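Residue-level structure breakdown
Here's the letter readout for the chains.
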Amino acid sequence: MKKRIYFDKEGDMKYISHLDTIRFLERLFKKANIKVKFSEGFHPRPKMSFGNPVSLGVEAYNEVMDLELAEDMDNDELLAKMNEFCPEGIRFKAVEEVPRKASIVNDFEVMIYEIRGEQEVIDRIAAVLAQDEIIEERIKKRKLQKRDLKEKLVDYRVEGNLLYLEVRNTSPNAFLGVAGVELAQVEIKKMGYKK
């Protein structure tokens with residue numbers, strides 16, 4: 001039985017990496033006595049999957065996780081068990097059943113972000129987003145690679161010192177890099193996904 005679980009990660013929990021979040025959830029399932037299906041092989045892992053990882057230090061709302069259970073469990077019971085053993089900063093909000101072949105990456109490809117900062121910084125990012133091409137250059141395997149981020153940009157709007165950004169399967173950090181903006185200059189929140 002495959003469940004899709006929606007959760008928020010905020011406060012101090014935003015400093016927990018993606019891999020540490022996975023380890024935390026593995027311990028949570030044991031503590032809450034939730035029977036999870038495991039992969040086969042020499043190093044069995046719980047059968048769970050996530051959307052694109054959230055950058056360290058970014059609060060995430062309406063994050064999505066798929067989990068395969070070994071035993072049938074009611075959605076409300078699963079939600080209650082998970083929240084019972086959660087620390088402050090992580091809260092499970094909803095559970096729904098999904099087909100076994102369902103994939104988060106296929107179902108949710110557009111991510112929604114809020115970026116807050118000084119007006120000059122937000123204006124600099126918006127100027128980059130307004131360009132016809134947004135070329136990111138990075139060195140990979142000692143070779144200069146270029147990609148146009150414009151095809152990853154779905155929509156954006158600016159309201160004062162707040163930028164609302166919708167992107168397709170990419171991190172907002174790439175856009176900040178092109179704009180010459182350091183992560184310390186802004187506060188980023190991932191607000192969820194769009195189907």
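Located above this text is the structure these notes cover.
Here we summarise the structure given alongside this text.

Calculation rules
Residues numbered from 1 in each chain as written. Predicted model: local features only at pLDDT ≥ 70, side-chain atom pairs only at ≥ 80, totals over all residues. Heavy atoms only, no water. Helix = DSSP H or I, 4+ residues; strand = E, 2+ residues; numbered from the N terminus. Buried < 20%, exposed > 50% of the residue type's maximum accessible area, 1.4 Å probe, protein only. Areas by Shrake-Rupley, 256 points an atom, 1.4 Å probe, with all protein chains shown as cover. Lys, Arg positive; Asp, Glu negative; His and termini not counted. Charge placed at Lys NZ, Arg CZ, Asp CG, Glu CD. 1 Å grid on protein atoms, 1.4 Å probe; cavity = no way out; pocket = protein on both sides within 12 Å on 5 of 7 lines; lining within 4 Å. Points joined across faces, edges and corners; volume = space filled by probe spheres on them. Nonpolar A, V, L, I, M, F, W, Y, C, P; charged D, E, K, R; others polar. Pairing = 2+ DSSP bridges. Patch = residues over 30% accessible without salt bridge, like charges linked within 9 Å, V, L, I, M, F, W, Y side chains within 5 Å. Salt bridge = Lys/Arg side-chain N within 4 Å of Asp/Glu carboxyl O. Arc of directions from axis to C-beta. Contact = heavy atoms within 4.5 Å. Polar contact = N/O pair within 3.5 Å; in protein donor to acceptor, adjacent residues only side chain to side chain.

Structural notes on the overall build of the chain
Helices and strands together make up the secondary structure of the chain, namely five helices and 10 strands. Taken along the three principal axes of its C-alpha coordinates, the chain extends 50 × 35 × 25 Å. When each of the 195 residues of the chain is scored for burial, the buried share is 43%. For the chain, the computed accessible surface area is about 11200 Å², with 48% contributed by carbon and sulfur atoms. Computed over 35 positive and 36 negative side-chain charges, the separation of the two mean positions in the chain equals 6 Å.

Brief notes about the layout of surface pockets
In this structure, the largest pocket occupies an estimated 150 Å³ of space. Lining the largest pocket are Glu26, Phe29, Lys30, Asn33, Ile34, Lys35, Val36, Phe38, Pro44, Arg45 and Pro46. Partitioned by chemical class, the residues of the lining of the largest pocket number six nonpolar, one polar and four charged.

Observations concerning the pairing of strand β1 (residues 2-9)
Looking down a regular strand, the side chains alternate between one sheet face and the other. Among the eight residues of β1, eight are classified as buried, and the element is accordingly described as predominantly covered. Burial along β1 is two-sided: the residues Lys2, Arg4, Tyr6 and Asp8 and Lys3, Ile5, Phe7 and Lys9 are all buried. Relative to strand β4 (residues 90-97), β1 runs antiparallel, the two being bridged by seven bridges. Of the residues in β4, the one forming a bridge with Lys3 is Glu97.

Quick look at empty space enclosed by the protein
The tally for this structure, following the rule as stated, stands at one cavity of 30 Å³ or more. What lines the largest cavity is simply Phe7, Lys9, His18, Thr21, Ile22, Phe50, Asn52, Pro53, Val54 and Glu63. For the lining of the largest cavity, the elements supplying multiple residues, two or more each, are β1 and α1 (18-31). Ranked by the residues each element gives to the lining of the largest cavity, the list is headed by α1, at three residues.

A short note on a positive patch on the surface
A grouping of Arg138, Lys140, Lys141 and Lys143 is seen on the molecular surface, where their side chains present a positively charged patch. With respect to the secondary-structure elements, Lys141 resides in the loop between β6 (135-140) and β7 (143-148).

Focus on the pattern of salt bridges
Counted by the stated rule, this structure contains 16 salt bridges. One salt bridge in this structure joins Lys2 and Asp66, with 3.9 Å as the shortest N-O distance. Of this pair, Lys2 sits in strand β1 while Asp66 is found in strand β3 (residues 59-68), placing the two residues 64 residues apart along the sequence. As far as burial versus exposure is concerned, Lys2 and Asp66 are alike and both buried. With its nearest N and O atoms 3.0 Å apart, the salt bridge here joins Arg157 to Glu159. Residue classification places Arg157 among the partly exposed residues on the basis of a relative accessible area of 43%. Residue Glu159 is classed as partly exposed on the basis of its relative accessible area, which comes to 43%. Several salt bridges converge on common partners, so that one network encompasses Lys2, Arg4, Asp66 and Asp107.

Observations regarding helix α2 (residues 75-84)
Leu78, Leu79, Met82 and Asn83 are the residues of α2 that are buried. Axial view of α2: buried residues confined to an arc of 125 degrees, hence all on one face. Exposed residues on α2 whose side chains face more than 90 degrees from its buried face are Asp76 and Glu84. Residues of α2 that are buried sit in contact with β1, α1, β3 and β4. A side-chain oxygen of the first residue of α2 lies 3.2 Å from the backbone nitrogen of Asp76; this N-cap is Asp74.

Topic: helix α5 (residues 172-179)
Within α5 the residues assigned to the buried category are Pro172, Ala174, Phe175, Leu176 and Ala179. The N-capping residue of α5, defined by a side-chain oxygen 3.1 Å from the backbone nitrogen of Asn173, is Ser171. With its phi angle positive at about 75 degrees, Gly180 sits one or two positions after the end of α5.

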